Amino acid sequence: MADKNRQKQNSKALRREDRLWTFRAALVVTLLVVVLAVGSLIAKDREYSANENRYLAGCPALSLSSITSGKFMEDTEAYLSDQFLGRDLLVRTRAGVDRFVGKREVNGVYVGKDHFLFEKPSTWDDARMTRTLNTINLVTAKSGDIRSYMAIAPNATELLKDYLPTGAPVTNQTQQISAIYKNLPHVQCVDLVSPLKAVKDPTTLYYRTDHHWTAAAAEVAFREIAVTMGLVPDAVSYRTMPVTNSFRGTMASSSGIFKASDTISITVPEKEQTLVVTYVNEDKKTSTLFDASKLKEKSQYDVFFGGNFAEVRIDTGADSDRVLLVLKDSYANCVIPMMTPFFKTIVLVDPRYYNDNLPDTIAKEGVTDLLWFYNVNTFLNDTSIGDKLG
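Nothing here was measured: the structure is a model prediction, and the numbers come from that model.

S.K.: Looking at this structure, how should I read unusual backbone geometry?
M.R.: Trans is the prevailing form of peptide bonds, just as negative phi is the prevailing case for residues other than glycine. Here Asp 114, not a glycine, exhibits a phi torsion of approximately 55°, which is positive. By the element assignment, Asp 114 lies in the loop between strand S4 (109–111) and strand S5 (117–119). Classification of Asp 114 as partly exposed rests on a relative accessible area of 42%. If you check the backbone angles, Asp 283 has positive phi at about 50° while not being a glycine. Tracing the backbone shows Asp 283 in the loop between strand S10 (276–279) and strand S11 (284–286).

S.K.: In this structure, what is going on with the environment of Leu 192? I would like to understand it.
M.R.: For Leu 192, the position within the fold is in the loop between strand S7 (188–190) and helix H8 (193–197). The exposure class assigned to Leu 192 is buried, which follows from its relative accessible area of 1%. Residues Leu 192 and Ala 217, 25 residues apart in the sequence, show an inter-C-alpha distance of 9.5 Å. Excluding residues within four positions of it along the chain, Leu 192 makes contact with Ala 151, Ile 152, Ala 153, Pro 154, Trp 213, Ala 221, Glu 224, Ile 225 and Phe 373.

S.K.: Is there a simple way to think about the sheet that holds strand S13 (residues 323–328) in this case?
M.R.: Adjacent strands of a sheet pair through backbone hydrogen bonds, lying either parallel or antiparallel. Across the sheet, eight strands lie side by side as S7-S6-S15-S13-S14-S12-S10-S11; this open sheet has mixed pairing. This sheet does not close on itself; its edge strands, each paired only once, are S7 and S11. Recorded for the sheet is a direction-independent mean angle of 20° between the axes of neighbouring strands. Looking at chain direction, S13 and strand S14 (residues 345–349) are connected through five bridges and run parallel. Note that in S14 the partner of Val 323 across the bridge is Thr 345. Together, strand S6 (147–153) and S7 form the strand contacts of helix H7 (residues 173–182), whose direction differs from that of S6 by roughly 165°.

Calculation notes
- Residues numbered from 1 in each chain as written.
- Predicted model: local features only at pLDDT ≥ 70, side-chain atom pairs only at ≥ 80, totals over all residues.
- Heavy atoms only, no water.
- Helix = DSSP H or I, 4+ residues; strand = E, 2+ residues; numbered from the N terminus.
- Buried < 20%, exposed > 50% of the residue type's maximum accessible area, 1.4 Å probe, protein only.
- Contact = heavy atoms within 4.5 Å.
- Pairing = 2+ DSSP bridges.
- Axes fitted to C-alpha atoms, helices over the stretch in contact; angles between N-to-C directions.

Here you go:
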């Protein structure tokens, strides 16, 4: 009988101890949530996340229309998520947990082998592509005797298939680029896929942590574009120089996986030129194509031109009567420095930010050559060509 009483007492004590531990754990969690919530309210809002490489949501404005439409609640949810204290740590922790449980896609980024991170490939949208290609054909038709070219670059998912996670759904970018070219009958199209696939070590062509291509790929692309344009790339000597070995790009930022870093190199002519680089909308002039201050920031790829701008004009001083207009995305930025010896003037236009009249720019600059220069992912997703240039 005494033994039974002792067992009951021990059982009650254990239950009390379990309840006490549960209470303590709940109290710690509650206090942690309260501290983080209060800290988030007190802390100054951040405009930009360097780790995620994006602008964060700001405090939403309260209005009757935003409440009735539901937009206020959506914006508030985004604001609280973005401004939560300790967000960067939580993002990294989540990425670590995702990797631990075997996930091979984190926030739209494929986690590949040998520390390669891949941008999810874009899909073909018939309506969008018809509008884009029709606009390019219209611009070509209106350009008269101007020589027109198109260069579409494949992405890492096309050339580094062996490094993709098993079973990752990808598109055939070689076929996508071929389909684009077939719909541009009056444009000279540059095959970048074949020469890039011929490179013995394809891992040198793309960054592990970023969606851009490297100096090695840019050099291959430059030669193919130059030959198509009737230039002689071997007439100029070049040198390639590393400028940073601590680059962690957009794929690392999006996924929260920072286990690798990359080296950014730039390729420039051996013979220096006296350049005048004009950022048209910013009313700014420099004598260089590079912005070294960006190497101290998160987005180090912006060392090329300081990033993307609506219109940049480069007066090269080259002994040439040719003027090149490049309609482009950021893949072109690391190739342009190799083209300066061959053109008197190079004008860069990024349609995503450009709001001027393209025929006026062509006439004003006396353009003789027009190059469309994109990576296939951006080209398939971009609506700015059809919306702004048509």
